[in-house]
Amino acid sequence: MDQVKIGRFIAEMRKQQNLTQREFADILKISDKTVSKWECGNGMPELSLMLPICESLKINLNELFSGEKLTDADYKQKAEENMMKLVKEAEEMKKNIVGGKVLGQVANVDRNVIGAHKTNTEFWDTIGSKFLGVTALPSWGGFLPSEDKLGLLEDLSGKSVLEIGCGNGRSLKYIADRGAADLWGLDISANQIERTRDFLSSQGVIANLVCSPMENDCGLPCNHFDLVYSVYGIGWTTDLDKTFKRIYSYLKDNGVFVFGWSHPIHKCVSVENGKLIFSNSYFNEEWYCADMSDKKIMLSNRMLSTYINALADNGFIIDKLFEQTDREKATEAGNDYGRKALMLPTSFVIKARKL
Ligand SMILES: C[S@@+](CC[C@H](N)C(=O)[O-])C[C@H]1O[C@@H](n2cnc3c(N)ncnc32)[C@H](O)[C@@H]1O
């Protein structure tokens, strides 16, 4: 989708309706900053907002996706083109769970906390949103069985819950629907925090949102949470030990910490002509910089034992580790990623507890 063209079109149609950015934002129950961001071509509206946008701007979905008014003669062809683009983007997104990509040509770099935060914030503040959607509850990521099957989250009614790396807020909504009373989200990206705020407020959900790297002291309350969780967030930390220490301090005694992340073996094995090729060392935990679309991300691969030992070193006991593939999901995918997931784990999820 052409974000810039769509943004210009939204601005033009909004003005035709004699609406200011503020008035338009109020109708959609979002912030005017978000409207301004779309209109400058720096982001796309959430799917849940597409219909309300069309209604207020008196346009149809096909025109919104095309970024222009359409005549009856253009309509059918554009609808076909837009459907094709949406399907392709959805497929790309599934292949590229960010942070879970198989390492191809990547540059090893020194571990540089400020550099990693800057690079990754820029990614998540701009094009990162395109990749969200597959890493939200009830999915713990990749081809893992979903939460409905795994049942890792206990009874949440009345509970205090914190999500680390809350992205666009879809998982927090899932947690709210299960009766949690006190919701918190943390994310390094101001843009993602804004998206979460907009989405949750459109759903009537109230949450405390904090913009900070998870490794830093950001004033979150100690001994407060019954559950801290993360779906494809934890691996972004520049300091696993510090992060687990902080999460331990946020939890009440016997509080639960659940997180899903890309399985380290998945990044070592690529698929070439239908064959699995071991192309990277499982033991390599060096930092690397990789291209994602026209931006960069900075991460390191960590062995499973690194996660387990860091949890143990910080006082957690481990309740469960799941790494099995949901075979039905992987078979249904019918692509290389699915075929690979039938042979090795692509994600893992750990449930740990504060002693
Ligand atoms: C793959 S996304 C998962 C988000 C969420 N589960 C979802 O699908 O909406 C990773 C999230 O972690 C955030 N993130 C990256 N590095 C971080 C850090 N050091 N501290 C806190 N959040 C971070 C990103 O901004 C992004 O929103």
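Being a predicted model, the structure only gives us computed values, none of them experimental.

What counts and what doesn't
- Residues numbered from 1 in each chain as written.
- Predicted model: local features only at pLDDT ≥ 70, side-chain atom pairs only at ≥ 80, totals over all residues.
- Heavy atoms only, no water.
- Helix = DSSP H or I, 4+ residues; strand = E, 2+ residues; numbered from the N terminus.
- Contact = heavy atoms within 4.5 Å.
- Areas by Shrake-Rupley, 256 points an atom, 1.4 Å probe, with all protein chains shown as cover.
- Lys, Arg positive; Asp, Glu negative; His and termini not counted.
- Charge placed at Lys NZ, Arg CZ, Asp CG, Glu CD.
- Near = heavy atom within 4 Å.
- Polar contact = N/O pair within 3.5 Å; in protein donor to acceptor, adjacent residues only side chain to side chain.
- Nonpolar A, V, L, I, M, F, W, Y, C, P; charged D, E, K, R; others polar.
- Domains from an automatic or database assignment.
- Buried area = accessible area lost by both parts, 1.4 Å probe.
- Salt bridge = Lys/Arg side-chain N within 4 Å of Asp/Glu carboxyl O.
- Pairing = 2+ DSSP bridges.
- Axes fitted to C-alpha atoms, helices over the stretch in contact; angles between N-to-C directions.
- Buried < 20%, exposed > 50% of the residue type's maximum accessible area, 1.4 Å probe, protein only.
- Core = buried A, V, L, I, M, F, W, Y, C linked by side-chain atoms within 4.5 Å.

Trainee: Is there a simple way to think about the overall build of the protein chain in this case?
Mentor: Per the secondary structure count, the protein chain includes 14 helices and twelve strands. Dimensions of the protein chain, computed from C-alpha atoms along their principal axes, come out at roughly 60 × 50 × 40 Å. Residue pairs at least 24 apart in sequence account for 71% of intrachain contacts in the protein chain once pairs closer than 6 positions are excluded. Of the roughly 16300 Å² that the protein chain leaves accessible, carbon and sulfur atoms contribute 52%. Looking at the protein chain, you have 44 positive and 48 negative side-chain charges, and the mean spots of the two groups are 1 Å apart.

Trainee: Before we go on, may I ask you to explain the site of the ligand in this structure?
Mentor: Near the ligand you find 21 residues, and of these Thr135, Asp187, Ile188, Met214 and Val231 are the closest. Thr135 has a polar backbone atom sitting 2.6 Å from an oxygen atom of the ligand. For the ligand, whose unbound accessible area comes to 600 Å², protein coverage reaches 99%. In the shell around the ligand, the residues fall into eleven nonpolar, seven polar and three charged.

Trainee: Any chance you could explain the domain arrangement of the protein chain here in plain terms?
Mentor: Examined at the domain level, the protein chain breaks down into domain 1 (3-94) and domain 2 (102-354). Each of domain 1 and domain 2 has a C-alpha centre, and the two are 30 Å apart. Interface of domain 1 and domain 2: buried area, both sides summed, is about 1200 Å²; carbon and sulfur atoms make up 42% of it. Counting across the domain 1 and domain 2 interface gives one salt bridge. The residue Lys33 makes a salt bridge to Glu194 at a minimum N-O spacing of 3.7 Å. Put simply, the parts of the chain that give the side of domain 1 that touches domain 2 at least two residues each are α3 (32-39) and α6 (72-95).

Trainee: Help me out: how do you make sense of the sheet that holds strand β6 (residues 251-262) in this one?
Mentor: Strand pairs in the sheet, formed through backbone hydrogen bonds, run parallel or antiparallel to each other. The mixed open sheet is built from seven strands, whose spatial order is β4-β3-β2-β5-β6-β12-β11. Among the strands making up the open sheet, the edge pair consists of β4 (208-211) and β11 (316-322). Within this sheet the neighbouring strands show an average axis-to-axis angle of 15 degrees, counted without direction. Alignment of β6 against strand β12 (residues 347-354), held across seven bridges, turns out to be antiparallel. Paired with Gly260 across the bridge in β12 is Val349. Packing of helix α11 (residues 240-250) onto the sheet brings it into contact with β2 (160-164), β5 (225-231), β6, β11 and β12, and relative to β6 it is tilted by some 140 degrees.

Trainee: Before we go on, may I ask you to explain the environment of Thr119 in this structure?
Mentor: Relative to the helices and strands, Thr119 is located in helix α7 (residues 113-125). For Thr119 and Glu154, which are 35 residues apart along the polypeptide, the C-alpha to C-alpha distance reads 36 Å. Here Thr119 is in contact with Lys296, Ile297 and Met298, once residues within four sequence places are set aside. A polar contact is formed between the side chain of Thr119 and the backbone oxygen of Gly115, at a distance of 2.7 Å.

Trainee: It is not clear to me how the pairing of strand β10 (residues 295-300) should be interpreted in this structure. Could you clarify?
Mentor: Alignment of strand β9 (residues 287-292) against β10, held across six bridges, turns out to be antiparallel. Note that in β10 the partner of Met292 across the bridge is Lys295. Hairpin remark: β9 followed by β10, antiparallel, with two residues in the connecting loop; positive phi at Ser293, about 50 degrees.

Trainee: Looking at this structure, how should I read the side chain of Ser171?
Mentor: Mapped onto the secondary structure, Ser171 falls in helix α9 (residues 170-177). Overall, the relative accessible area of 2% leaves Ser171 in the buried class.

Trainee: Explanation requested: the nonpolar core in the structure shown.
Mentor: For soluble globular proteins, nonpolar side chains are generally found buried alongside one another. Counting 70 residues, the largest nonpolar core has Trp140, Ile175, Tyr229, Ile234, Phe244 and Phe257 as its most contacted members. No other element matches the six residues that β6 contributes to this core. Core analysis: the next-biggest nonpolar cluster, separate from the first, contains 20 residues, Ala25, Val35, Trp38 and Leu49 among them.

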